[in-house]
Amino acid sequence: MKRAKHRHLLAALLLQPNTTVAASLLIDQMWGERPPQSARNNLKTYVWQLRRMLATLDHGRAHIETSGNGYRITVRPDELDTLLFQELTQRGGQALRRGDVALAETTLGRAMDLWRGEVLQGVTLSGPLSAWAVTLAEDRLEVLEDLMEARLALGRHSEVIGPLRRAVHEHPLRERLWIQLMTALYRDGRTGEALQAYQSLRLHLVSEIGAEPGPAVRHLHQRILAADPVLDANAPTACLHGCEDASARGAWCAAAHTGPAELPSDAGAFVGREAELARTITVLTHRGTGPGSFVAIDGPAGVGKSRLAVRLAHAVVSSYPDGQLYMNLHGATPGLVPLAPGEVLARFLRSLHVPGVSGRIDVDEAAALFRTRTAGRRMLIVLDNAADARQVRPLLPGGSTSTVIVTSRARLTTLDATVRLHLDTPGERDAIALLAAFAGPERVEDDPQAASRIVELCGRLPLAVRIAGARLAAHPHWTAARLASRLASAESRLDELAHGDLCVRTSLAAGHELDRHPEAAELFTLLGLLDIADVTAPVAATLTGRGPDDAHRALDALVRARLLECHAADGYRMHDLVRLFARERAVRTLPESDRAAAVRRAVHFRLAGSLGATVLPSLSALIGA
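In this text, all values refer to a predicted model and were calculated from it rather than measured experimentally. (Residues numbered from 1 in each chain as written. Predicted model: local features only at pLDDT ≥ 70, side-chain atom pairs only at ≥ 80, totals over all residues. Heavy atoms only, no water.)

Glancing now at the layout of surface pockets. In this structure, the second largest pocket encloses a volume near 1,100 Å³. Of all elements in the fold, only α13 (305–316), β5 (324–328), β6 (380–386), α17 (428–439), α20 (462–474), β10 (502–503) and α23 (504–509) reach the threshold of two or more residues within the lining of the second largest pocket. Sorting elements by how many residues they give to the lining of the second largest pocket places α13 first, with five residues. (1 Å grid on protein atoms, 1.4 Å probe; cavity = no way out; pocket = protein on both sides within 12 Å on 5 of 7 lines; lining within 4 Å. Points joined across faces, edges and corners; volume = space filled by probe spheres on them. Helix = DSSP H or I, 4+ residues; strand = E, 2+ residues; numbered from the N terminus.)

Moving on to the sheet that holds strand β13 (residues 571–573). What the three strands build is an open sheet, ordered β11-β13-β12; its pairing is antiparallel. One side of each edge strand has no neighbouring strand; the edge strands of this open sheet are β11 (534–536) and β12 (565–568). For this sheet, the mean inter-axis angle between neighbouring strands, taken without regard to orientation, is 40 degrees. Contacts from helix α26 (residues 537–544) reach β11 and β13 within the one sheet, and its direction differs from that of β11 by about 80 degrees. (Pairing = 2+ DSSP bridges. Axes fitted to C-alpha atoms, helices over the stretch in contact; angles between N-to-C directions. Contact = heavy atoms within 4.5 Å.)

Its identity is not glycine, yet A227 carries a phi of approximately 50 degrees, on the positive side. With respect to the helices and strands, the residue A227 is situated in the loop between α10 (215–225) and α11 (251–256). Of note, the phi angle at R562 is positive, near 60 degrees, even though the residue is not glycine. Tracing the backbone shows R562 in the loop between α27 (548–560) and β12.

With parallel pairing, the five strands of this open sheet are ordered in space as β5-β6-β7-β4-β8. Whereas interior strands pair on both sides, the edge strands pair on one side only; in this sheet they are β5 and β8 (419–422). In this sheet, adjacent strand axes meet at a mean angle of 10 degrees when their direction is disregarded. Bridge count between strand β4 (residues 294–298) and β8: four bridges; the pairing is parallel. Looking at β8, one finds that V295 is bridged to V419. Lying on the sheet, helix α12 (residues 274–285) is in contact with β4, β7 (403–408) and β8; it crosses β8 at an angle near 170 degrees. Here α13 sits on the sheet in contact with β4, β6, β7 and β8, set at roughly 165 degrees to β7.

Taking 1.5 Å of rise per residue, the 13 residues of helix α8 (residues 175–187) would be expected to cover 18 Å, and the 18 Å separating its terminal C-alpha atoms lies within 8% of that figure. Of all 13 residues in α8, twelve are buried; the element is thus mostly enclosed. R176, L177, W178, I179, Q180, L181, M182, T183, A184, L185, Y186 and R187 are the residues of α8 that are buried. G189 occupies a position one or two residues after α8 and carries a positive phi of about 80 degrees. (Expected span 1.5 Å × (residues − 1). Buried < 20%, exposed > 50% of the residue type's maximum accessible area, 1.4 Å probe, protein only.)

Have a look at this one:
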């Protein structure tokens, strides 16, 4: 093709082979937004000339035909590299997903061999053609990553180091390539270079886009530092970082799984809890206590139980090749009733491809079938937001090779647990770091005193801090001091702590323990009238006007619901935001006469000398409630 327009036209047609391309689209691709008045006639001339050129080259076969208001070029897969590339890519991807890495490597290698330069080299690219070129280049890069994955799985780590170094030099923000390079270097005995590769990636990300490496790379970096055995030459690299994107980019990891992969995404900020996470990972990856463990995570609403469970699950997922099951049990979900064990078992059995499982199923029969199907398999099961032990017990797998991670507000002490994590609000440093993760570090650095004030007004509750950070991010013109000022008013603080689908008030409202215990609900509401955090059983009994035994039962129910924390033999503490919520409930549901009566009982109790100074109500707050 000696003339540029002929090359341009041929490229435009070959990018959509065996498809009619409208003449108007070809004109846009060849001349852009301002084509000459003669463009349509010129196009006809170029098509006619191109037909003759192709016919001369291919024994009279013209290839190009007029079709409606456009033109179509007809080619076979063996005549066009892009068609053959797509066919080989599809076959190679299928082989990778079913675990045939040898065939995948051969097929994907043939696909990459078709590339002999840049996309549409020698053609002046218009806007549309440029977009096509970017798409093809992206396809090529994904195939290269899959090819490197297959070669690493075959133990050919030494030979992929050079190509991967060139690839990360050309695409320095492509984290999957860096993961593969770090893995290859580590497996080749070059641990120092693997760690240097991580630092190079981090430098590129921080300097170019102001971001830290993603969780997958960070997990791999930690495992290299720890010389984790999972990094040996037999482990597929897509599984080394939790298979966050196995279906699309980690095809070999998908092939390694023979069961479901239902874990939620691990994307997003994760701040604090490093000690709890590291300790539990050690337990779950230890030969003696790994598969077959039970991890129980409990804590009050909004403290970060689910986030820790998901991070933990992704960190150890490669130890459970038979699949991962996940279910939100709605034990404390606003507006939803906790899921019945039979419904959960039916979903799990369908995920395990058990035929003939309907929505209605006998719980005992389903539990027995679930234990049978999981016996001898290494599975990871995450039961998020459990109501109580009764809901969880039928969902435990069979045998001793699977691990269960459960989150719950209640402490599931009647279930045998390998690890128990009791989460409380984080310290100030971690709370400020969480605020910075959502608001942006510069917002915190500009006014650290205001940032500290925000997290204290949030009671360092992670959900509240996250909402505060999201609100700052959504209002870039706000200063941290402005948000701190808005949060300062106790009467409107819960109104401020709502953003998008996140709301502290809504989270606190989901207390199913209160639904089952009217006396506990009454006590909770009355405690909101006290302008104090710490209470005792005598104070609780005085507020309700009931006997000590009734007060203790109500207090125990509030502790199970994690609306109170028991911190001494007879001492209880209520989080500041929980107390604001209880006070709102009191104003909304109790007549003024009932509130006044509770105040009088508290005052009389104080005057009798039984109420210590540390639990003295603020009478002005009580009267004005």
